[in-house]
Amino acid sequence: QVQFVESGGGLVQPGGSLRLSCAASGSTFDIYAMAWYRQAPGKQRELVGTINSSGYTNYADSVKGRFTISRDNAKRAVYLQMNSLKPEDTAVYYCNAQATRLAQQWGWGQGTQVTVSS
């Protein structure tokens, strides 16, 4: 079992940057592919990007070139660097396993709110 605590969200102007952190506790997570997700008001949760155990990353088209995912297995942490933020990036951001079934098994943290507005 793994638990997550996301942090680093806040209010930022369009074009600004934020760095989100996700601290994992519990069972070993470093062998698993991890992901960042987000959920905007009235919308379903969507995948933002993934990072496998070797550090290979993949991103949704909507954030490609602006967001960067990294991980530090020694610190049991996953990060999301967000640059050139847009109002449509406003959402609650979560980290969890990339695999859907595993994400459901582990459960979701409280997320961190990101609001992009002038």
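In this text the structure is predicted, and so the values were computed from the model without any measurement.

1. Focus on the overall build of the chain
Along the backbone of the chain there are one helix and ten strands. Start at the N end of the chain and walk to the C end: the helices and strands fall as β-β-β-β-β-β-β-β-β-α-β. By the compact-globule yardstick of 13 Å for 118 residues, the chain fits well, its C-alpha radius of gyration being 13 Å. When the backbone C-alpha atoms are referred to their principal axes, the chain occupies close to 40 × 25 × 25 Å. Sequence separation of 24 or more characterises 55% of the internal contacts of the chain that already satisfy a separation of 6 or more. Side chains of the chain give 11 positive and 7 negative charges; the mean places of these two sets differ by 2 Å.

2. Things to note about the pairing of strand 5 (residues 46-51)
Strand direction decides the pairing type here: strand 4 (residues 34-39) and strand 5, joined by five bridges, are antiparallel. Across the sheet, residue Trp36 finds its bridge partner in strand 5, namely Gly49. Linkage of strand 4 to strand 5, two consecutive antiparallel strands, is achieved through a turn of six residues, within which Gly42 is found at a positive phi near 75°. Direction of pairing for strand 5 relative to strand 6 (residues 57-59): antiparallel, over a ladder of three bridges. Each residue of the ladder has a partner; that of Ile51, found in strand 6, is Thr57. Connecting the antiparallel pair strand 5 and strand 6 is a turn made up of five residues, with Gly55 showing a positive phi of about 95°.

So, how was this worked out
Residues numbered from 1 in each chain as written. Predicted model: local features only at pLDDT ≥ 70, side-chain atom pairs only at ≥ 80, totals over all residues. Heavy atoms only, no water. Helix = DSSP H or I, 4+ residues; strand = E, 2+ residues; numbered from the N terminus. Rg over C-alpha atoms; globule rule 2.2 N^0.38 Å. Contact = heavy atoms within 4.5 Å. Lys, Arg positive; Asp, Glu negative; His and termini not counted. Charge placed at Lys NZ, Arg CZ, Asp CG, Glu CD. Pairing = 2+ DSSP bridges.

Purely geometric numbers; function is a separate question.
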